[in-house]
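Now for the letters of each chain:
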Amino acid sequence: MACVRVCPADAVAVEGAIVRIVDEACTRCGMCLPACPHDAIEALGDVSRALELALAGRAALILSVECAAYFYPAAPNQVVNACYAAGFRTVHRGVLGDELVAREYLDLWADGDWGTMIRSTCPVIVETVRTQYPELIPYLAPVATPIAAEARYLKQLYGVGTPVVYAGVCITEGGPDVDAAITFEELADLFQRRGIVVSEQAEYFTRVPEERRRHLSMAGGLPLEVLLEETQASRRFRKVRGLSGLGAIARAVAVDRLDVGFVDILPCEGCLDHPLLGPRDELFRRRQIVGATEPARSRAPVVEEAVARGVKVAESFPISQNGHRPQTEAVEAVLKEIGLAPNGKPWDCGACGYATCRAFANAAALGRTTLRSCPPYLDKQARAAQLQAAVDGLTGLATYRVLRDRLASEVARSDRTGDPFAVLFVDLDNFKKVNDEFGHEAGNEVLRGAARECTAHIRTTDLAARYGGDEFVLVLVRTRVDGALGVADKVRATVEGMGRTLGYSEGLVTVSVGVAEFVPGRGPETEDVLVAADRALYRAKASGRNQVATGER
């Protein structure tokens, strides 16, 4: 359940032995990939479409700067040359989108009346807000992601019909503005299909490279000026890392009604920390590699103003009914099935993969998991099954299995303490006639009534069990045969009275009872005490029924 535990969107559905990703809920954060111990999860982009566009020779490629770390020790120049050799018309590095977005943020930054604004340049953050925290949608900065902005810019620059392919870490980048998004692994696969070896490419640019310098922006579209102006302790600027921070922001904004300023929130420490790029302990190595490829900063704008004027960088995030939230009634029904821990609180054991029982119930109500993944529920079901096996469903008496175990323990206890015990074998005299003349439901009512009379005259330390059919066995602890005969006669008399109360004719509903005593040291043993009581029962039947008898009289 490791993938379930780390998924912030609860988008992992568990159905028995099958685990699947719920596409409409998945934010493509990638956290489940390194968490899965079976390597059963893959990040798949549209590599077939990207290959088709490359073969056509008209597509523009946005190549994320993180490629320097992924394809190392090949130089970024060699990767760009390989992209051209694969058939892409032009290769850009994402800088233009960062510049367009940074300019929008500078305009927003100049207006100090926004109170709370959440950076919207990360698609994972945007999707998480849309699916889990719709109350934060009004606070998302109305700015497109850098890749979406660059895709629009390239279509404006090269023509509206120019297809755009994005190759990078996060395959949610670009949205509908990108015609195909692929991972670096898929880009490497595309090179292999085209027969291109990156390490064999020239170490210098074989074509004049597209713009790589920055003017306003840092990686990800955040303006450099903002970082220089505001410290990390600023009340107007907050840096938050991890999707868990959205919960605290939602509480502050929607519940406590606080203004938290500009929130620069990302699911990880930037794209270089993305799970698809490798282990976290190699983060600083990746930063060193990418940092060494960072070009000089330009003193003048690097975007063409004439082209930029035709690019829509603003974005809107409509507030709609969140379709990923389950019905409250369904969630409560699941919680009721799970039950509470002995301390009266939810179990919240985490064994199912969810942090709390309520989180599990939400996922179960959405069909993303089942109660078979909940150990407390399974334990509850096992106890119920044991109880069902121990209690006769019709009469409520103990079953034969419980009777057998109890007799063995009573023999052992008697041998240890020297105390005797007695066994009563009770059998309805004319039960078949009741069934034949009045029906099986009437027979069931007689069985239930006889069981009630059997339990009415014994102590809580004694045992009443249904032996089978219309036969019952009573185990009376620390009881001699004389006391057992008294209990047997009470049972016989009250069952006869019960039959008259139910409206049956005189003598139709009666019982015969056989009594046997177990005496330590002289038997009979476990099996024999039942046999002795059964023989006594036959003596009672032979005496005319509705009788009590022992093995001796």
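The structure we're discussing is the one just above.
Residues numbered from 1 in each chain as written. Predicted model: local features only at pLDDT ≥ 70, side-chain atom pairs only at ≥ 80, totals over all residues. Heavy atoms only, no water.

Draft legend 1. Local environment of the overall build of the protein chain. Within the protein chain, the regular secondary structure consists of 21 helices and 14 strands. Relative to the globule expectation of 24 Å for 553 residues, the C-alpha radius of gyration of the protein chain, 39 Å, shows a markedly less compact shape. Dimensions of the protein chain, computed from C-alpha atoms along their principal axes, come out at roughly 115 × 55 × 50 Å. Among the 553 residues that make up the protein chain, the fraction classed as buried is 49%. Here the protein chain has roughly 26600 Å² of accessible surface; of this, 50% comes from carbon and sulfur atoms. Of the side-chain charges in the protein chain, 63 are positive and 72 negative, and the distance between the mean point of each set is 2 Å. (Helix = DSSP H or I, 4+ residues; strand = E, 2+ residues; numbered from the N terminus. Rg over C-alpha atoms; globule rule 2.2 N^0.38 Å. Buried < 20%, exposed > 50% of the residue type's maximum accessible area, 1.4 Å probe, protein only. Areas by Shrake-Rupley, 256 points an atom, 1.4 Å probe, with all protein chains shown as cover. Lys, Arg positive; Asp, Glu negative; His and termini not counted. Charge placed at Lys NZ, Arg CZ, Asp CG, Glu CD.)

Draft legend 2. Spotlight on the nonpolar core. One finds L63, F71, F88 and F191 to be the most contacted residues of the largest nonpolar core, which totals 37 residues. Counting residues per element, the ones that place at least two in this core are α3 (47-56), β3 (60-63), α4 (67-70), α5 (76-86), β6 (164-168), β7 (180-183), α9 (184-193) and α12 (283-292). Per element, the largest residue contribution to this core is 6 residues, and it comes from α5. Discounting chain neighbours no more than four positions away, the residues touching F191 are F71, V79, A82, C83, A86, I196 and V198. (Core = buried A, V, L, I, M, F, W, Y, C linked by side-chain atoms within 4.5 Å. Contact = heavy atoms within 4.5 Å.)

Draft legend 3. Seen up close, the side chain of D177. In this structure, D177 sits in the loop between β6 and β7. A polar side-chain atom of D177 sits 3.1 Å from a polar atom in the side chain of R152. Excluding residues within four positions of it along the chain, D177 makes contact with A148, A151, R152, K155 and V164. (Polar contact = N/O pair within 3.5 Å; in protein donor to acceptor, adjacent residues only side chain to side chain.)

Draft legend 4. Spotlight on unusual backbone geometry. Of the consecutive residues Y72 and P73, the connecting peptide bond is found in the cis state with omega at 15 degrees. Mapped onto the elements of the fold, P73 is located in the loop between α4 and α5. Positive phi, normally seen in glycine, also occurs at R545, with a value near 70 degrees. Considering the arrangement of structural elements, one finds R545 in the loop between α21 (526-542) and β14 (548-550). Residue classification places R545 among the partly exposed residues on the basis of a relative accessible area of 39%.

Draft legend 5. Region of interest: the sheet that holds β6. A sheet is described by the order of its strands in space; here 4 strands give the open sequence β4-β3-β6-β7, paired in parallel fashion. Across the chains shown, the open sheet's two edge strands, defined by having one partner strand only, are β4 (90-92) and β7. When the angles between neighbouring strand axes are averaged without regard to direction, this sheet yields 20 degrees. Two strands pair when backbone bridges link them, and β6 and β7 are joined in this way by 4 bridges, in the parallel orientation. (Pairing = 2+ DSSP bridges. Axes fitted to C-alpha atoms, helices over the stretch in contact; angles between N-to-C directions.)

Draft legend 6. View of helix α19 (residues 440-456). Compared with the 24 Å implied by 1.5 Å per residue over 17 residues, the 24 Å span of α19 between its first and last C-alpha is a close match. Those residues of α19 that sit buried are A442, G443, V446, L447, G449, A450, A451, E453 and C454. The inward-facing, buried residues of α19 abut β10 (421-428), α18 (431-438), β11 (463-468), β12 (471-477) and α20 (481-501). (Expected span 1.5 Å × (residues − 1).)

Draft legend 7. Expanded view of the sheet that holds strand β9 (residues 261-266). Strand order across the open sheet formed by 3 strands is β5-β9-β8, with parallel pairing between neighbours. Two strands lie at the open edges of the sheet, namely β5 (116-118) and β8 (237-241), each paired on one side alone. On average, each strand axis in the sheet is tilted by 20 degrees relative to the strand beside it, whichever way the strands run. In the sheet, β5 pairs with β9 via 3 bridges, with the strands oriented parallel. Bridge pairing in β9 links I118 to V263. Against the sheet, helix α11 (residues 245-255) touches β5, β8 and β9, its axis set at about 160 degrees to β9.

Draft legend 8. Highlighting the pattern of salt bridges. Here the structure, examined in full by the defined rule, presents 31 salt bridges. D429 is paired through a salt bridge with K541; the nearest N and O atoms lie 3.0 Å apart. Placement of the pair is D429 in the loop between β10 and α18 and K541 in helix α21, with a sequence separation of 112 residues. Residue classification places D429 among the buried residues on the basis of a relative accessible area of 7%. The salt bridge partner of R500 is E496, with a shortest N-O separation of 3.8 Å. Linking R500 with E496, this pair stays in helix α20, spanning 4 residues, or about one helical turn. Through salt bridges with shared partners, a single network forms among R406, E410, R413, D419 and R478. (Salt bridge = Lys/Arg side-chain N within 4 Å of Asp/Glu carboxyl O.)

Draft legend 9. Representation of the packing of α18 against α19 in the model. It is the contact of α18 with α19, at a shortest axis distance of 7 Å, that shows an interaxial angle of 140 degrees. Each of F431, V434, N435 and F438 in α18 lies in contact with α19, whose residues at this interface are H440, A442, G443, V446 and L447. Per-class residue counts for the contact of α18 with α19 are 6 nonpolar, 3 polar and no charged. (Nonpolar A, V, L, I, M, F, W, Y, C, P; charged D, E, K, R; others polar.)

Draft legend 10. Looking closely at the pairing of β8. Bridging between β8 and β9 involves 5 bridges; their strand directions are parallel. Note that in β9 the partner of R241 across the bridge is L266. Chirality of the crossover, the property in question, places the unit of β8, α11 and β9 among those that are right-handed. (Right-handed = clockwise from strand over helix to strand, strands pointing away.)

Draft legend 11. Local environment of the packing of aromatic side chains. Taken as a whole and assessed by the stated rule, the structure comprises 12 aromatic pairs. Geometry around W109 places R236 over its ring, the cationic atom sitting 4.2 Å from the centre. Lying over the aromatic face of F284, R287 brings its terminal NZ or CZ to 5.4 Å of the ring centre. (Phe/Tyr/Trp six-rings, centres within 6.5 Å; stacked < 30°, edge-to-face > 60°. Lys NZ or Arg CZ within 6 Å of the ring centre and 35° of its normal.)

Draft legend 12. Local environment of the environment of R89. Mapped onto the secondary structure, R89 falls in the loop between α5 and β4. Look past the residues within four positions of R89 in its chain and what remains in contact with it is G57, R58, A59, Y84, Y158, T162 and R207.

Draft legend 13. Focus on the environment of D113. Summarising the element assignment, D113 is placed in the loop between α6 (95-110) and β5. In this structure the C-alpha to C-alpha distance between D113 and G261, which are 148 residues apart in sequence, comes to 9.8 Å.

Draft legend 14. Highlighting the packing of α3 against α9. The interhelical angle for the contact between α3 and α9, taken along N-to-C directions, is 50 degrees, at an axis separation of 10 Å. Judged by the angle between their axes, α3 and α9 are oblique. Between α3 and α9 lies a crossing of right-handed hand. Across the interface between the two elements, V47, A50 and L51 from α3 touch E186, D189, L190 and R193 from α9. Of the residues contributing to the contact of α3 with α9, the split by class is 4 nonpolar, no polar and 3 charged. (Parallel < 35°, antiparallel > 145°, perpendicular 65-115°, else oblique. Left-handed = near helix turned anticlockwise from the far one by under 90°.)

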